[in-house]
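Here are the chains, one letter per residue:
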Amino acid sequence: MMTVAAARQLRDGIACFVGIGLPSTAANLARATHAPNLVLVYESGCLGAKPDRLPLSIGDGVLADTADAVVSVPEVFNYWLQPGRIDVGFLGAAQLDRYGNLNTTVVGDDYATPAVRLPGAGGAPEIAASCREVVVIVRQNPRTFTARVDFVTSVGYGTGPGDRERLGLRGGGPRLVITDLGVLEPDPVSCELTLTRLHPGVSREQARAATGWDLAVAEPLTTNEPPTADELAVLRALRATAEGSRP
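Just so it is clear, the model here is predicted, and its values are computed rather than measured. (Residues numbered from 1 in each chain as written. Predicted model: local features only at pLDDT ≥ 70, side-chain atom pairs only at ≥ 80, totals over all residues. Heavy atoms only, no water.)

**Student:** Can you walk me through the pattern of salt bridges in this structure?
**Tutor:** Pairing between side chains becomes possible if they bear opposite charge and their charged atoms approach one another. Considering all chains together, one arrives at twelve salt bridges under this definition. The salt bridge involving Arg98 is made with Glu192; its shortest N-O contact spans 3.2 Å. Here the residue Arg98 occupies a position in the loop between β6 (95-96) and β7 (102-103), and Glu192 occupies one in the loop between β12 (182-186) and β13 (193-198), the gap between them amounting to 94 residues. By relative accessible area, Arg98 is classed as partly exposed at 23%. When the shortest N-O distance is used, the salt bridge between Arg197 and Glu185 registers 3.5 Å. Of the two residues, Arg197 sits in strand β13 while Glu185 sits in strand β12, which places them twelve residues apart along the sequence. (Salt bridge = Lys/Arg side-chain N within 4 Å of Asp/Glu carboxyl O. Helix = DSSP H or I, 4+ residues; strand = E, 2+ residues; numbered from the N terminus. Buried < 20%, exposed > 50% of the residue type's maximum accessible area, 1.4 Å probe, protein only.)

What follows is the structure, encoded as structure tokens:
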């Protein structure tokens, strides 16, 4: 449901900065269904990649083989991402707070000796800063959805309205947070993430219990349409290609 919900957000003809894992699956699902002209941009420098299977990493040869162009990593960031030429960027996180700030660096109060040292920033801060809009995909539970992240790796809306502008961030910030329970969107006034849609079979009480702050809930609260037979068939076929490509 997370993958299908994410895929549905990608419009035909836009440029999408894609990461490996669920974001790549969602982007390739969209390209194989309703958005055949979706332009996939991978951090490795592959522009307009059209893989016939799910790539194993951003360095998978299938991305370069099927790309419209392959450029250097600095060019991807300096020419395509930072000037605002990417429409949508996908991000995940170990922690997320009520203003959409993301942590992929450390868990714990002490940076030098954290409880957990995470993989780090990678290109995430630039994606969060510069894409016209950001879609975050993350499972919803109190450990991940925290009132305050232990470390701000990628800025969402900072501490509230006006922070992105004050920091000089050109991108629009998080437009959607897609979880295994539903979809959250920033309030247009407060910028606080608000539950706007539930996945089928999920209650608002479940979503609120899985959140580390007093989660705001939109009225009316709607329910996402379940995956169609076509979406499921394409998704299963994509996953089968990934499994078949592993040694």
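Moving on, there is more to tell.
**Student:** When you look at empty space enclosed by the protein in this model, what are you seeing that I'm missing?
**Tutor:** Rolling a probe over the atoms, with the probe sized like a water molecule, indicates the empty space that remains. If you walk through the whole model with that rule in mind, you get one cavity of 30 Å³ or more. The volume enclosed by the largest cavity comes to roughly 30 Å³. As for the largest cavity, its lining consists of Leu91, Gly100, Leu102, Ala128, Val134, Val136, Ser154, Val155, Gly156 and Pro174. In terms of residue class, the lining of the largest cavity is made up of seven nonpolar, three polar and no charged. (1 Å grid on protein atoms, 1.4 Å probe; cavity = no way out; pocket = protein on both sides within 12 Å on 5 of 7 lines; lining within 4 Å. Points joined across faces, edges and corners; volume = space filled by probe spheres on them. Nonpolar A, V, L, I, M, F, W, Y, C, P; charged D, E, K, R; others polar.)

**Student:** What's the story with the nonpolar core in this structure? I'm lost.
**Tutor:** A general feature of soluble globular proteins is that nonpolar side chains tend to end up buried together. Membership of the largest hydrophobic core comes to 34 residues, with the highest contact counts inside it found for Leu10, Leu29, Leu38, Tyr42, Phe90, Val135 and Ile178. Among the elements that line this core, the one with the most residues is helix α1 (residues 2-7), at five residues. Listed in part, the 33 residues of the second largest apolar core include Val71, Val76, Val138 and Ala210. (Core = buried A, V, L, I, M, F, W, Y, C linked by side-chain atoms within 4.5 Å.)

**Student:** I tried to follow the side chain of Thr194 on my own but got confused; where do I start?
**Tutor:** Here Thr194 shows up in strand β13. Exposure remark for Thr194: the relative accessible area of 12% places this residue in the buried category. Here the side chain of Thr194 touches Glu192 through a polar contact of 3.2 Å, landing on its backbone oxygen. Not counting chain neighbours up to four residues away, the residues in contact with Thr194 comprise Val183, Leu184, Glu185, Asp187, Ala216, Val217 and Ala218. (Polar contact = N/O pair within 3.5 Å; in protein donor to acceptor, adjacent residues only side chain to side chain. Contact = heavy atoms within 4.5 Å.)

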